[in-house]
Amino acid sequence: MDLLKALTLGAVLSVAIGLVIGSQGTSAGPLAIHLVSLAEAKFYWSWPVFLSGSGLAWGLMLLQR
């Protein structure tokens, strides 16, 4: 269950950072932010931010046990 919560928080973090940085027209180098089109919705996404944010959130949830 903690992993599912961590993936959700990682997705929220990725979209939030992608929106701020991607809307300025840059890919932010190693963050690799790119525009994703999904069923007429467009948003900015970054796999490195998603994976690191999910890992950080999961680690914090494990520490709280």
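Keep in mind that this is a model prediction, so the values were computed, not measured.

Novice: Quick question: what am I supposed to make of the pattern of salt bridges here?
Specialist: As a working rule, side chains carrying opposite charge can pair if their charged atoms are close by. Taken as a whole and assessed by the stated rule, the structure comprises 1 salt bridge. The closest approach of N and O atoms between Asp2 and Arg65, which form a salt bridge, is 2.9 Å. In this pair, Asp2 is assigned in helix α1 (residues 2-22) and Arg65 in the segment after α2 (47-63), connecting sequence segments 63 residues apart.

Novice: Looking at this model, I keep getting lost on the pairing of strand β2 (residues 41-45). Mind explaining?
Specialist: Side-chain direction in a regular strand flips from residue to residue, so the side chains alternate between the two faces of the sheet. As judged from the 5 bridges shared by strand β1 (residues 34-38) and β2, these two strands associate in the antiparallel manner. In the strand pairing of β2, Leu38 is matched with Ala41. The loop that links β1 with its antiparallel partner β2 comprises 2 residues; one of these, Ala39, has a positive phi angle of about 55°.

Novice: I'm lost on the side chain of Ser54 in this one. Help?
Specialist: Within the secondary structure, Ser54 sits in helix α2. Excluding residues that lie within four positions of it along the chain, Ser54 makes contacts with Ala6, Leu7 and Gly10.

Novice: It is not clear to me how the packing of aromatic side chains should be interpreted in this structure. Could you clarify?
Specialist: Each pair of aromatic rings is reported with the distance of its centres and the angle of its planes. Applying the stated rule across the entire model yields 4 aromatic pairs. Ring geometry for Trp45 against Trp47: centres 5.5 Å apart, planes inclined by 80°, an arrangement best described as edge-to-face. Between the aromatic rings of Trp47 and Phe50, the centroid separation amounts to 5.6 Å while the plane-to-plane angle is 85°, which identifies the pairing as edge-to-face. Here Trp47 and its partner Phe50 are both found in helix α2, 3 residues apart, which amounts to about one turn of the helix. Put simply, the rings of Phe43, Trp45, Trp47 and Phe50 touch in pairs and so form one group of aromatic residues.

Cut-off values and rules
Each chain has its residues counted from 1, following the order in which its sequence is written. It should be noted that, the model being predicted, local features are given only for residues of pLDDT at least 70 and side-chain atom pairs only at 80 or more, the latter also being counted only at that level, while totals for whole chains, interfaces and linings use all residues. Working from all heavy atoms in the structure, the side-chain values ignore hydrogens and water. Salt bridges are identified by distance alone: a Lys or Arg side-chain nitrogen within 4 Å of an Asp or Glu carboxyl oxygen. Going along the chain from the N terminus, every DSSP run of H or I of four or more residues is numbered as a helix, and every run of E of two or more is numbered as a strand. DSSP bridges decide pairing: two strands pair if at least two such bridges lie between them. Whether two residues are in contact is decided by their heavy atoms: any pair within 4.5 Å suffices. Two rings belonging to Phe, Tyr or Trp (six-membered ring only in the last case) form a pair when the distance between their centres is within 6.5 Å. Interplanar angles under 30 degrees mark stacking, angles over 60 mark edge-to-face geometry, and anything in between is tilted.

By themselves, these are just geometric observations and shouldn't be taken as functional.
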